Amino acid sequence: MDQDHLKIVIFGAFGSGKTTMIKTLDPESKHIEAPCSGGSTTIALDFGRVDIGNRRVYLYGTPGQERFEFAREIIGRGMDGAILLIDATSPFDEFVTHLHDSLEGSGIPFIAVLNKCDNVGARPDALKQSIRSARVVKASAKLQPECCAILRDFIATLPAGRHCHGNNVHFP
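For clarity, every value in this text was computed on a predicted model and none was experimentally measured.

In this section: the overall build of the protein chain. Regarding its fold elements, the protein chain presents five helices and seven strands. Within the protein chain, buried positions represent 49% of all 172 residues. Residue pairs in contact within the protein chain that sit at least 24 positions apart in sequence constitute 70% of those at least 6 positions apart. Here the protein chain has roughly 8,300 Å² of accessible surface; of this, 51% comes from carbon and sulfur atoms.

Okay, structure coming up:
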């Protein structure tokens, strides 16, 4: 049986939970990180893979700092879909707006996931109003059942046989 392969890229600001989500989905995932105040941060990418039905899903997490724009463009090349992971305790700031608008303008299917909704100061309903063209779901990047369900449901929305390996997001 031939396996269908998909490339899903996870975008989000620093600390939104991209690495955590990929580790939750694939405990064997790989990460390129550097120490920073408060722990570590992704400086290149996160990589994981999961099988959903007969599809092998390759997950790529992007760095969340603005200065890594070039890395997001490289990692995003040829993606089939994207997840915009948003920290519900942080404002929908200029950087998150930039990521959202770039994905929206690309035509690549994406879903917005509001993470940390159960934390003090979370404002998921206010954030939902800022997201115009994507399905929005609430989740915890730490909970495997939630992450798996979100990924499975999102992949089910992609057209059968979809392989956008030529699609790119340009971050102006």
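Our focus in this paragraph is the nonpolar core. Counting 24 residues, the largest nonpolar core has F11, M79, L84, I86, L103 and I131 as the members making the most contacts within it. Looking at this core, the elements that each hand over two or more residues are β1 (4-12), α2 (69-76), β5 (81-87), α3 (94-106) and β6 (110-115). Per-element accounting of this core gives the leading share, four residues, to α3. Within the second largest apolar cluster, 23 residues are counted, among which are I52, C147, F154 and L158.

Time to look at the environment of A44. By the secondary structure assignment, A44 is in strand β3 (residues 39-52). Distance in space between the C-alpha atoms of A44 and P63 is 6.1 Å, their sequence separation being 19 residues. The residues touching A44, leaving out its near neighbours within four places in the chain, are I32, G61, P63 and I75.

This brings us to helix α1 (residues 18-25). Because an α-helix completes one turn every 3.6 residues, residues spaced three or four positions apart along the sequence face the same direction. Of all eight residues that make up α1, six are buried, and the element is covered over most of its length. Taken residue by residue, α1 has K18, T19, M21, I22, T24 and L25 as its buried positions.

Right, let's get into the side chain of D46. Position of D46 among the secondary structure elements: in strand β3. This buried residue, D46, is left without a salt bridge; K18 holds the nearest opposite charge, at 6.7 Å. Within the local environment of D46, its side chain forms a polar contact with the side chain of T19, the two groups lying 2.7 Å apart. Ignoring any residue separated from it by four or fewer positions in sequence, one finds D46 in contact with K18, T19, I22, K30, H31, L59, Y60 and G61.

The general pattern is negative phi for most residues beyond glycine and trans for most peptide bonds. Within the chain, K116 stands out as a residue other than glycine whose phi angle is a positive 65°. With respect to the helices and strands, the residue K116 is situated in the loop between β6 and α4 (124-128). Residue classification places K116 among the partly exposed residues on the basis of a relative accessible area of 23%.

A word on the environment of F68. When you line up the elements, F68 lands in the loop between β4 (55-61) and α2. Distance in space between the C-alpha atoms of F68 and A44 is 8.2 Å, their sequence separation being 24 residues.

Cut-offs and rules
Residues numbered from 1 in each chain as written. Predicted model: local features only at pLDDT ≥ 70, side-chain atom pairs only at ≥ 80, totals over all residues. Heavy atoms only, no water. Helix = DSSP H or I, 4+ residues; strand = E, 2+ residues; numbered from the N terminus. Buried < 20%, exposed > 50% of the residue type's maximum accessible area, 1.4 Å probe, protein only. Contact = heavy atoms within 4.5 Å. Areas by Shrake-Rupley, 256 points an atom, 1.4 Å probe, with all protein chains shown as cover. Core = buried A, V, L, I, M, F, W, Y, C linked by side-chain atoms within 4.5 Å. Lys, Arg positive; Asp, Glu negative; His and termini not counted. Salt bridge = Lys/Arg side-chain N within 4 Å of Asp/Glu carboxyl O. Polar contact = N/O pair within 3.5 Å; in protein donor to acceptor, adjacent residues only side chain to side chain.

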